[in-house]
Amino acid sequence: MKNILKLEKVNKKFTDFQLKDVSFSLERGFVMGFIGKNGAGKTTTLNCIIGISNYDSGEIEILGESNRSHAFCKLKEKIGYVSEESFFYENFTVAWTGNFAGKFYSGWDPSLFSEYCRRFELKQTRKIKELSKGMKTKLGLAIALSHKAELLILDEPSSGLDPEARRDLLDILMEVMESNECSILFSSHITADIQKIADYVCMIDNGRIILCEEKDKLLENYHFVQLDKKYRNKELDKYLLGCREIKNGYSALTRDKTAIEKLLKKQNRSARLFAEKPDLDNLFLHFIGEDK
Amino acid sequence: MKNFIYKELSLLKSQIKFILFIAVFIPVFFIVSGNAVELQYLPAIAVIVLSLPISINSIYIDEKNNSNRFLLSLPLARDQLVKAKYIGTSALILLLIPLLFIAETVIDVFAKVNTSSYFAIILSVLMVILLNCLFYPVNYKLGYMKAMHLYRIMYLVVFMGIPFLLARISRSFSADTISRLKKISSTAAGIPLLLAAACFVALLFYLSLKLSIVFYRKREI
């Protein structure tokens, strides 16, 4: 079984929002970064995967089983999930929460949980309501990592963390990847985190997947270009993606830098093209941003 | 399932002060007021009053912390969560029976008041479970806030309706019939009646559980 996770035309309708034909897959042993603006559908998609939300049509397969099948409940033992918000019982302690969650996993390792608590500086005697948002995320991670999950689904895990904790989190995720052959689906606004650890990048906007590609190929295939306003025309626009106005011109992405150079030369021999390899942040801005 | 009973017991810890307060306040109130008639019904009243925090608090805390999301991320199915809630809270309410039997015996011996019979205690427990069986499907369908309105109405109906019903019964039936009914409830002759009530509640429990499962499968968390 190559794919550990596969979504096929998943649809879900709310009154004011809709997931439309969401399809992507994640191979075993890889990390996928899931990027999108607020309200783009990241959390809804992850909730559908883990079974917190129902979906109207389509199919989600995890470890070869539909997440609507009876077997999925047992399969959740192999999934670690960290949500954007904390949903733990506020009046209970870290130790109680870990102990309670651990009772449902056959692969639960209490010493590993204690080790992660120590590493995340989580005092086990503290009540959940006394923890900051970042500490609650760390507790979620400690639980998700303490039962030898094969698939980690992390919903904005780094959003409440300080830079040091974020670096620790990424280091731990890389360690887990190396030691467990674990796969990770990781949603985030922070493209630098995704650039650091993801093998694949999946972008979602307004409930639709707009791009899902191997990160290195994505960064290799696209160029970030800046052009003077006067050179913009329909013929050139065919090669440009996500045009954004900037001072004295516009920026865009292109898959065919050579074609643009040729066109510009044809139009005006003195025209110069500024082109460079984009980072994920630039890709995100131009793919998700409106054409202007 | 034992994990959930452990969870329900742990949730109850936050209510322990309230339960202890009620457990001490009600007997003291009735003893100080010197009204032997009210004291007679003390164990049966205690069932209703002590069961309230168990069933409502359990759902309230899950709702307040939005913990169903946490629970659903664990290797559990929605059906299991509903079953666990039904069985967990009912098990705790049933646990009250031996405690109240002890309380009844203590009152009988020390206050020298012939309290409501064991029959009345078991009947009260069944009534609370029955009320929960009506409440839970509404909760799983409409959510806690809307269901709570219904629950309050149900309790008002029960608290105000029962004395009204008892007054009607005492007026409608002769003293002889009522004393025969009392006799039935205090002897072994009441056991078949109790079993019939228990069977009815068990049937309702099953139907309510099935309905809640159907509602919860479709509900957006």
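Structure: above.
Nothing here was measured: the structure is a model prediction, and the numbers come from that model. (Residues numbered from 1 in each chain as written. Chains lettered and ligands numbered in written order. Predicted model: local features only at pLDDT ≥ 70, side-chain atom pairs only at ≥ 80, totals over all residues.)

### With respect to the overall build of chain B
- When helices and strands are tallied, chain B shows ten helices and zero strands.
- In chain B, which comprises 221 residues, the share counted as buried stands at 30%.
- Contacts in chain B between residues far apart in sequence, at least 24 positions, make up 78% of those at least 6 positions apart. (Helix = DSSP H or I, 4+ residues; strand = E, 2+ residues; numbered from the N terminus. Buried ≥ 20, exposed ≤ 12 C-beta atoms within 10 Å, placed from the backbone. Contact = placed C-beta atoms within 7 Å.)

### As for the pairing of strand β13 (residues 249-254) of chain A
Residues and elements named next belong to chain A.
- Bridge analysis of strand β11 (residues 223-228) against β13 gives six bridges, and the strand direction is antiparallel. Within β13, the residue paired with Gln 226 across the bridge is Ser 251.
- As paired strands, strand β12 (residues 241-246) and β13 are joined by four bridges and run antiparallel to one another. Bridge pairing in β13 places Arg 244 opposite Ser 251.
- Count of turn residues in the β12/β13 antiparallel hairpin: two residues, of which Asn 248 carries a positive phi of about 65 degrees. (Pairing = 2+ DSSP bridges.)

### Considerations on helix α10 (residues 191-218) of chain B
- With 28 residues, α10 of chain B should cover 40 Å at 1.5 Å per step; its first-to-last C-alpha distance of 41 Å lies within 8% of that length.
- Restricting attention to buried positions, one finds in α10 of chain B the residues Val 201, Phe 205, Ser 208, Ser 212 and Tyr 216 of chain B. (Expected span 1.5 Å × (residues − 1).)

### Focus on the sheet that holds strand β2 (residues 18-27) of chain A
All names here are of chain A.
- Within the open sheet, the four strands sit side by side as β2-β1-β4-β5. Their pairing is antiparallel. Because the sheet does not close on itself, it has two edges, and the strands there are β2 and β5 (65-66).
- Summarising the sheet, strand β4 (residues 57-62) and β5 pair through two bridges and their orientation is antiparallel. Within the sheet, the bridge partner assigned to Ile 62 lies in β5 and is Glu 65.
- Helix-sheet contacts for helix α1 (residues 42-50) involve β1 (3-13), β2 and β4, and the interaxial angle to β1 is about 115 degrees. (Axes fitted to C-alpha atoms, helices over the stretch in contact; angles between N-to-C directions.)

### A word on unusual backbone geometry
All names here are of chain A.
- One non-glycine residue with positive phi stands out, namely Glu 121, at about 55 degrees.
- Relative to the assigned elements, Glu 121 resides in the loop between α4 (110-119) and α5 (133-145).
- Residue classification places Glu 121 among the exposed positions, given that 10 C-beta atoms sit within 10 Å.

### Here we look at the packing of helix α7 (residues 118-142) of chain B against α10 of chain B
All names here are of chain B.
- At a minimum axis distance of 8 Å, the contact between α7 and α10 shows a crossing angle of 15 degrees. With respect to each other, α7 and α10 are oriented roughly parallel. The two elements α7 and α10 meet at a crossing, and its hand is left-handed. Facing α7, whose interface residues are Phe 119, Ile 122, Leu 123, Leu 126, Ile 129, Leu 130, Cys 133, Tyr 136, Pro 137, Tyr 140 and Lys 141, α10 presents Leu 194, Ala 197, Ala 198, Val 201, Leu 204, Phe 205, Ser 208, Leu 211, Ser 212, Phe 215 and Tyr 216.
- Here the residues of the contact of α7 with α10 are counted per class, giving 19 nonpolar, two polar and one charged. (Parallel < 35°, antiparallel > 145°, perpendicular 65-115°, else oblique. Left-handed = near helix turned anticlockwise from the far one by under 90°. Nonpolar A, V, L, I, M, F, W, Y, C, P; charged D, E, K, R; others polar.)

### Some points on the sheet that holds β12 of chain A
Residue and element names in this part refer to chain A.
- Ordered in space as β12-β13-β11-β14, the four strands form an open sheet in which the pairing is antiparallel. In the strand order of this sheet, the two ends are held by β12 and β14 (274-276), each with one partner. The sheet shows a mean angle of 20 degrees between the axes of neighbouring strands, taken without regard to direction.
- Contacts from helix α10 (residues 257-267) reach β11, β13 and β14, with the element oriented near 15 degrees to β11.

### What about the interface of chain B and chain A?
- With 19 residues of chain B in contact, the opposing surface of chain A contributes 23 residues.
- Per-element tally for the side of chain B that touches chain A: the top contributor is helix α5 (residues 67-73) of chain B, with five residues.
- In the side of chain B that touches chain A, the residues fall into eight nonpolar, seven polar and four charged.

### Some remarks on the nonpolar core
- Grouped together as the largest cluster of nonpolar side chains are 115 residues, with contacts concentrated most on Ala 142 and Ile 153 of chain A.
- Of the residues forming this core, the biggest block, 14 residues, is contributed by α7 of chain B.
- Counting contributing residues per domain, this core is built from domain 1 (3-218) and domain 2 (223-276) of chain A, each supplying no fewer than three.
- Once residues lying within four places of it in the same chain are set aside, the contact partners of Ile 153 of chain A are Leu 46, Ile 49, Ile 50, Ile 79, Tyr 81 and Leu 185 of chain A. (Core = buried A, V, L, I, M, F, W, Y, C linked by C-beta atoms within 7 Å. Domains from an automatic or database assignment.)

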